[in-house]
Structures are given as structure tokens and as C-alpha cells.
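So you can see what is in the structure, the chains are spelled out below.
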Amino acid sequence: MADARPAHTAPPPIVRREDYQPPEWRVPQISLELDLDGARTVVRSTLEIEREGRHRLPLRLDAKNLVVRRVAVDGQAVNYRFENDVLRIPIEGDRATVETEVEIAPRANTQLMGLYESGGMLCTQCEAEGFRRITPFPDRPDVLSRYRVRMVADRGAYPVLLANGDPVAQGELDGGRHWAEWHDPFPKPCYLFALVAGSLVANRDSFVTRSGKTVQLAIWVREGDLPKTEHAMTSLKAAMKWDEEVFGREYDLEMFNIVAVADFNFGAMENKGLNIFNSRYILADPDTATDADYDAIAGVVAHEYFHNWSGNRVTCRDWFQLSLKEGFTVFRDQQFSADMGSPAVKRIEDVRMLRAAQFPEDGGPLAHPVRPDSYIEISNFYTATVYNKGAELIRMIRTILGPEKFRAGCDLYFDRHDGQAVTCEDFVRAMEDASGADLSRFRLWYSQAGTPRVRASLVRGPGSPRLLLEQEVPPTPGQPAKQPMPIPLRIALLDEATGVAADERLVLLDEAKAEVVLERAPERPVLSINRDFSAPIIVETDRTAADLAFLSAHDDDPFARYEAMQQLMLDTLIRSVSGGAADHHAVVEAVRHALADRALDPAFVAETVLLPSETFIGDRMDTVDPDAIHRSREALRAELGRELEALWRQAYSTHAANRYEYSSSAKGARRLRSVALGYIMAAGAADAPVLAQAQFDGADNMTDRQGALVVLANGDSAERQAALSAFYDRYRDNALVLDKWFSVQALSTRADTPAQVEALARHPDFTLSNPNRLRSLVGAFAANQRAFHDVSGRGYRFLADMILAEDKLNPQTAARLVPPLGRWRRFDEQRAALMRAELERIVATAGLSKDVFEQASKSLG
Ligand code: TRP
Ligand code: ZN
């Protein structure tokens, strides 16, 4: 509880973007010596410092939870002040050598920030502000230093010693101890510092860069996990090659290391030359990882690798610029994954993710711009807005400039700012300078929060049809009035008679209203708009069910085709939730058409025949009615199951288990098969549980096994409990698979899920100390709309209890569980009051962290 705020104190300070000041002191060089031990580690640091500009201010070093044993300037002990986590050291001249010696306790570190212990190994996490928990330092991304790191440790407990850069020397010491020294020649901010010490084994490989340099690659894991590193290694080499080919970016050190750790707050971390990963984004084999896991591993390995340029060589001036590296790098990993598999399916997945995570954030009390203006705790701003909406901004710039000018802009950006700490503004300016385009209005995308809504209607002849467009950017906290944004809309008109699309065009809607005359239009045009999801907006059109059905069968843009089907489903569901007659005919026929279309990729079919999630349906309603949404959606699912049962069975057997293979076509077949099984189950077919059980028992891979388990876990057949028990028994020693066992139950559509989840929180394998396990149960449950919003309020109480318990151990991870409670405005009065009461209980708790305080108090709005 070291970080807890004392009860009844003033709220924690707000950090503002407009208050940015450049650093008072530079630190061109740092040498660290760490005497590593889980119980107690001693850290000695030597800083070469230089005064920046003309001032008489002392050196300010951030220091958190450190026991300071010595401070010296140019070899002399000095009088320093240490209060409020800042060490102030008086310095006479413009340059000095500052030495500090501190003590830390890695084993007692449950926050997983700074130096901590995980499964007996020692590792670090410094982004955003963890380095100050290791040694006193100006912990801000615009102070760049060259690092020399010497580690000393017991050889038996810590045989492998890794740090950033390249290894330069190592040796033995008395008493079974050894040491290793690493140098990183590239100046870097301290958030990219890392070290790892432990008993690890490596999957080693190498990569020859396009200029002929051989880079040694190693993925370090615990002994038994070595066979599960092959896919990560393949992905890493593919990412290295792709970044050379598509962005012209080459790797710059002799060595690239990756380490997998079991206890990790996030997905992974791009520390220079030493990426540290949550083991779920490294370890995979067909028996334990699903196709989605394999895809996520490839994406995250690529993401962290790509940061070597977008984040490390060019870094952020301050944390308000976080999207500079994260939005850009997410865009880069999305393009990589698209190129490695199906671009259409990847785009659908990315948009689904944006709508599931970012749209709700943008429409709620925690809404913030891609470049935020203020924060209390920066960890709370590693959000879907900064990451995923940020990636959409980069994509829009590319759409507006075209791929060649975009690439020229990227080249200029990297070239101009290599070795610097810069801003989102610098990125946009490089894009403008390289292309000649004027992006002045586009900058609004960085500063204005909220998801724009665009109303589009097509006015047909006489003469050329006209497209009427109108945009509205909703108010968000602190931003009551908005300016119209420049919105790039890819549009086309399809000929209703022939199904052929007339030429696609890019319309830039940059005013509140616009009218576009569409020449060369077909006789009977149907509007296809926001093709490939060219802008991260909500589009409302006056298209009829017949128009949407037509587009879902004929649109030549795969995303638009998927989108038409989703819109058709959504319109149908919203009508029935709002008490209208449930006319399912158009949806049934459109799904029938998709299933019968032999030209379509099975992976695409699987995406397109899935109904919008309950949460997504709720997002489009004025007041979310979780029970009505669940009933309506289940009714439509059942009808689709029954009406098309023969087609589902056909799809199921066509894509029946063949021997496991990781390829796009095999993945698509598995996906469609599990979707078909779900519909056969929804139809109420008597043999459905038996089919699922057979798939479960006979599966030679986790995708099929988990797919069957999900279907069984949602029902109440006799096979359900047997499958859950068998799964548990088989995988009880594999933490990552056990996470799936918790998640499947937390996401169940059964009515008793809230009670089941409460019981699972008392299961001996549940723990608050591992973020993956916590999220697998509690995070998954909070995403299960109907279960979490049980009208009794027990779901809210459960979540608040978990947040408060976790906050004592790991505030960062606790705070990430708060947003579901913040959606209270979207619900009926009874639920809203219950949710608010839990938020109020959280905020009133003595000793709350500033992480949870910020999220909960803002959520009360
Ligand atoms: N920069 C990491 C990424 O690639 C994010 C990250 C890793 C992180 N660990 C963290 C952010 C801990 C906050 C706290 O996306
Ligand atoms: Zn990142």
C-alpha cells in the first residue's frame, strides 16, 4: 500500500499538457550497478549531468519507494532534500558527476512496476514512470542518456543476466556470484531501460538485415516452455523483414532479446533491444493456443519490434504525446497482420475492437482526445483512444495523402527526428512537408474527443444523384462545443440492376454539411459509404433493409459488405428490442445468401454471419436494456439456427476437423465450423451437445476444443460440466490455458453466470496477484453485458469489491477495471443508481491509489 493516498487529503495533482517545460538538466550518460537479489537489491548509479539553459535550480531526481543510502556530487557527500518523491540536489557548476546508492525490495513489489520478481526471475517494467522505483532519475521521456549496466548476482538463482543493447563483458566472483555488463549505444529515455535476471533458456536464431548485418535473436523463457516459442520467432523474423520492405526500417543493434514473464501489467514492452512480454503473447503450441492467440502473438511481437523506430529511435517529448508512438505503431502492426493474412478479415477485426473498446470510451465520462490535455495518473491513458483511435488517425492521413506520399512523410519523420523526443505536431508537420498537403484542420482529430456522427442520404435523379452529408461531433467532458472535423469518406454507388460498383471516390467532408453531386452514376444507385471504414465514425443512412441486403450480397468492398450485413442485423434487433414486431426475414435471407456464396472466404463468412454483440446493440440504443437485448438477440440466433439448419450442418461438415495446420485457410475453416456449431446449438437441435462433445474430445488443437467448450458452457446439457471438468483436469498446471477456463465461464450467456463468477473468485486457482488471471475472470465478467448488469446489482458490487482488493496490490491493474462501472448514464435509473453507489463507495475508500481515484471520480462525472 506504499502508493496509497492518505485518507481525507486533497485530490492528487493534475498534470497539464500546456505546462510542459523542457528539462533543467540533461543526463547524457548513466552507469548503473545492480547487486541483484529478490529480497533486497542495491542500485548504484552514476549520472553525468549538464545544466540546460541559464538557471540556478537544483537537480531534481524522481525517486519512489527507494531507501536512499548515499548521494554524492563529484565524489563529495552533499546536503540533499528528499520529499514528495523528489530528491533535490544542489549543484554548483554546469556539469557534475552525481552518484546515488539506494535499496529496493523486488519481492515485495506487487505493483509490477520498477524491478519485480515473477516466477523466481527478476525483471523490470519502466514505462511510463517505473524507473524512479529503481534509481533516482529525471523520469521523463525527453531526457535521453547512454546506458552502461553492470549486474551482479548469484549464479545459481540468476544464471542469465540481460539488459538493453549488447553484452560487453562478464565474469565470475567469489561465493558463487557472477556479473555481466551491457552497453546500449543509442541514447534513450529511462522508460526504455530494462534488465532481466533468472534461470532461463533461449530459442536462438538470427536475421540478416537488408544491408547484410547479422542480428542474433533470442527468445528467453522458462525451461519447459522452449517448444512454445517457435511461432513468436517466426513472427519476429517476418516483422523484421516487413519493416524493411514496407517502411524501409532496419534493426540497429547486434542482438535482439525477448523475455516472456508470467506476471505483467500489459501486453508487452518495447525496451531497447530487450523486449519483455506477458507470456500470453509469446507462448503457443496447437494444444494450448487458439488461432486468435497465434494471431495476437504475431501482432504483439511485431508491435514491440516496430517500436524500435516508432517509439525508441524517435520517442515522445512528454506523455501527452503517447499516441505518437502507440497510434503509429498500432497502425504499423495492423498493416503487418493484414499483409500476413486476410486484409479484409483483419480490418473487420480491428473495427470490431475499436467499436467494442474505443467507442464506449469516447461516449462516456472517461472520453479524452487522442492527445490528452491533462491527467492525474498517466497509466490511465494507455487507452483504446490513444492506441486504436490513434491508429485510425494515421490511417486517415494515409488515405488522404495516398500511400506514396504517406511513405515519404514517414521517411522524413524518421530522418528528421532520429534521436529526438518529439510531439504529435512534429509527426503531422513531417507529413505535410513531405506531401505538400495542408493538414491544419486534420489536427482537430488530435484535440477533439468524441466519435463523430455522419448522416448520409442519397437523393436520386432527375440528373446525377446527390449525396447529402451532415456531421455532428458530440460534447465530451471539458469539450462542450466542437468544430466540424475533416472526415475522409470512401464511397461508391452500386448498380441495383447489375450489382456492379461505379468508380469509388474519396469525399472529404470538412464542414458541418455538404452536398456532393455524384456524376457517372448508375441508373439505380445504392450507396456504399465509409468503405474499408475510412473514418472512425458512426454513419447513419436512410438505406432500406432491401438496400442493405443487396449490399451484403454485392458490395465489392469486403468491409462495406460486412458492414451492410451488420447494419441490417442491428436495425432488425433494435426494432425488436424496442418492442417492434420481430421480422427476421431479411436477415435470414441475407445470411442464407452469404452461406451459399461459394466464392467467399470461409473466414469472411464466419465474421459476416455473426450477430452484433449485446454490448454493441446496447451502444446504439438510448437506454440499454440488457435483458431485452439478450432475449431479442437469442431469438434471432435461434431463428437463424432453425431456418438455416441444413446450411449450418453443411458448413459444419464441410469444414470438419482435418489435421491441424496454421494457415489462413485452415484458420477460416475452424472459425466457420465453430460459428456453425453455435447456430446448430441455438437451433435447439437434440444432437447439438453430442456434436459439441465430440468436437471437444476429438480436437487436435485448442481452437476447436475451446470452440466446443464455449458452446457447451453457454447451455445446460449434461455434457457441460463434464467438458469443464475435463478441461480443468487437463490444463490445471498451465496458467495461460486455465485463464481460458475462467473466461469461458465468466462470458457464459447462462442466467446463473453472476453466481458462478462469485464462486470462481473463491476457487483455489483464482488470484489477485496475477493480472492475466484477474482479467480472465473479472475483466471478462464485466464485459458480459447481461450478466454484469444483473438488475440485482450483485455484478456491480462484485466488481467494486475486486477493484478495492486489487488496488491494495496493483493500482494500475485495478484502475483498468473501473470503466465498466462508469457507463451508468447509459442504463435505466435503477441500474444507474446501483452503479453510482459502487463508484461512490470506491471513491470514499481510505487509502485509495491515485490510479483508481482518477478513474472512479471521473466516472461519477
Ligand atoms: N509500450 C507498451 C506497448 O507496447 C505498453 C506497456 C507495457 C505499458 N507495459 C506497460 C503501459 C505498463 C503502461 C504500463 O504498448
Ligand atoms: Zn506500443
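Just above, that's the structure.
Since the model is a prediction, treat every value here as computed from it, not as a measurement.

(A) Region of interest: the overall build of the chain. Across its full length, the chain holds 27 helices and 31 strands. Taken over the C-alpha trace, the chain has a radius of gyration of 28 Å; the compact-globule value for 861 residues is 29 Å, and the two agree within 12%. Its C-alpha atoms give the chain principal-axis dimensions of about 85 × 65 × 60 Å. Across the 861 residues that make up the chain, the buried fraction comes to 60%. Within the chain, contacts between residues separated by at least 24 positions form 69% of all contacts whose residues are at least 6 apart in sequence. In the form shown here, the chain has an accessible surface area of approximately 32,600 Å², with 49% of it arising from carbon and sulfur atoms. For the chain, the centre of its 103 positive side-chain charges and the centre of its 125 negative side-chain charges are spaced 2 Å apart.

(B) Geometry of the coordination of the zinc ion (ligand 2). Donor atoms from the polypeptide that coordinate the zinc ion (ligand 2) comprise His303 (NE2), His307 (NE2), Glu326 (OE) and Glu326 (OE), at 1.9 to 2.7 Å from the metal. Angles of 48 to 159° at the metal separate the 6 donor atoms of the zinc ion (ligand 2), which places the site in the irregular class. Sequence spacing among the residues donating to the zinc ion (ligand 2) works out to H-x3-H-x18-E. Of this pair, His307 sits in the loop between α2 (291-306) and β22 (315-316) while Glu326 sits in helix α3 (residues 322-340), and the two are 19 residues apart along the sequence. As far as burial versus exposure is concerned, His307 and Glu326 are alike and both buried.

(C) Main features of the site of ligand 1. Close contacts around ligand 1 come from 15 residues, with Glu127, Ala268, Glu270, Glu304 and Tyr387 the closest. Within the contact set of ligand 1, an oxygen atom lies 2.9 Å away from a side-chain nitrogen or oxygen of Glu304. Protein coverage of the free-state accessible area of ligand 1, which is 370 Å², stands at 98%. Contributions of two or more residues to the shell around ligand 1 are made by β20 (268-269), α2 and α3. Of the residues contributing to the shell around ligand 1, the split by class is 6 nonpolar, 4 polar and 5 charged.

(D) Structural context of the packing of helix α11 (residues 585-596) against helix α14 (residues 626-643). The N-to-C vectors of α11 and α14 enclose an angle of 50°; their axes lie 10 Å apart at closest approach. Classified by the angle between their axes, α11 and α14 sit oblique to one another. The two elements α11 and α14 meet at a crossing, and its hand is right-handed. Of α14, the residues touching α11 (which contributes Val587, Val588, Val591 and Arg592) are Leu636, Glu639, Leu640 and Glu643. The class makeup of the residues in the contact of α11 with α14 is 5 nonpolar, no polar and 3 charged.

(E) The side chain of Ser849, seen in detail. Turning to its location among the elements, Ser849 is positioned in the loop between α26 (829-843) and α27 (850-860). One polar contact links Ser849 to Asp807, side chain to side chain, over a distance of 2.6 Å.

(F) Local environment of the nonpolar core. Residues Leu36, Phe131, Ile282, Tyr446 and Leu469 are the most contacted members of the largest nonpolar core, which totals 155 residues. The leading source of residues in this core is helix α5 (residues 384-401), at 8 residues. In this view, Phe131 contacts Ile30, Leu32, Cys126, Phe137, Asp139, Tyr147, Cys190 and Phe193; residues no more than four positions away in its chain are not counted. Of all hydrophobic cores here, the second largest spans 110 residues; its members include Val591, Tyr652, Met702 and Val744.

(G) Structural context of helix α17 (residues 688-698). Those residues of α17 that fall on the buried side of the exposure criterion are Ala688, Pro689, Ala692, Gln693, Gln695 and Phe696. Along the long axis of α17, the arc covered by the buried residues comes to 160°, so they all point the same way. When the buried face of α17 is taken as reference, the exposed residues oriented beyond 90 degrees from it are Val690, Asp697 and Gly698. Residues of α17 that are buried in the fold lie against α15 (645-654), α16 (664-682), α18 (702-713) and α19 (718-731).

(H) Summary view of the packing of aromatic side chains. With the rule as written, the count across this model stands at 39 aromatic pairs. Between Tyr147 and Phe193, the ring centres sit 5.9 Å apart and the planes meet at 25°, which makes this aromatic pair stacked. Of the two residues, Tyr147 is situated in strand β12 (residues 145-154) and Phe193 in the loop between β15 (177-188) and β16 (195-198); the sequence distance between them amounts to 46 residues. Of the two residues examined, Tyr147 and Phe193, each falls in the buried class. Lying across the ring of Tyr679, Arg637 places its NZ or CZ 5.9 Å from the centre.

(I) Representation of the sheet that holds strand β27 (residues 487-495). The 3 strands are arranged β28-β27-β30 in an open sheet whose pairing can be described as antiparallel. Looking at which strands have only one partner, the edges of the open sheet turn out to be β28 (505-509) and β30 (525-529). Here the strands of the sheet are splayed against their neighbours by 35° on average, with no regard to which way each runs. Where β27 and β30 come together, 5 bridges link them in antiparallel fashion. What sits directly across from Ala492, in β30, is Ser528. Its contacts with the sheet place helix α9 (residues 545-554) against β27 and β30, and it is angled at close to 70° to β30.

(J) Structural view of the pairing of strand β8 (residues 86-89). Looking at chain direction, strand β4 (residues 59-62) and β8 are connected through 4 bridges and run antiparallel. Bridging from a neighbouring strand, Asp62 pairs with Val86 of β8. As judged from the 3 bridges shared by strand β7 (residues 81-83) and β8, these two strands associate in the antiparallel manner. Along β8, the bridge assignment pairs Phe82 with Leu87. Taking the residues between adjacent antiparallel strands as the criterion, β7 and β8 are bridged by 2 residues, where Asn84 takes a positive phi near 50°.

About the cut-offs
Residues numbered from 1 in each chain as written. Chains lettered and ligands numbered in written order. Predicted model: local features only at pLDDT ≥ 70, side-chain atom pairs only at ≥ 80, totals over all residues. Heavy atoms only, no water. Helix = DSSP H or I, 4+ residues; strand = E, 2+ residues; numbered from the N terminus. Rg over C-alpha atoms; globule rule 2.2 N^0.38 Å. Buried < 20%, exposed > 50% of the residue type's maximum accessible area, 1.4 Å probe, protein only. Contact = heavy atoms within 4.5 Å. Areas by Shrake-Rupley, 256 points an atom, 1.4 Å probe, with all protein chains shown as cover. Lys, Arg positive; Asp, Glu negative; His and termini not counted. Charge placed at Lys NZ, Arg CZ, Asp CG, Glu CD. Donors = N, O, S within 2.8 Å, 3.2 Å for Na, K, Ca; no water. Tetrahedral: all angles 85-135°; square planar, octahedral: opposite > 155°, others 65-115°. Near = heavy atom within 4 Å. Polar contact = N/O pair within 3.5 Å; in protein donor to acceptor, adjacent residues only side chain to side chain. Nonpolar A, V, L, I, M, F, W, Y, C, P; charged D, E, K, R; others polar. Axes fitted to C-alpha atoms, helices over the stretch in contact; angles between N-to-C directions. Parallel < 35°, antiparallel > 145°, perpendicular 65-115°, else oblique. Left-handed = near helix turned anticlockwise from the far one by under 90°. Core = buried A, V, L, I, M, F, W, Y, C linked by side-chain atoms within 4.5 Å. Arc of directions from axis to C-beta. Phe/Tyr/Trp six-rings, centres within 6.5 Å; stacked < 30°, edge-to-face > 60°. Lys NZ or Arg CZ within 6 Å of the ring centre and 35° of its normal. Pairing = 2+ DSSP bridges.

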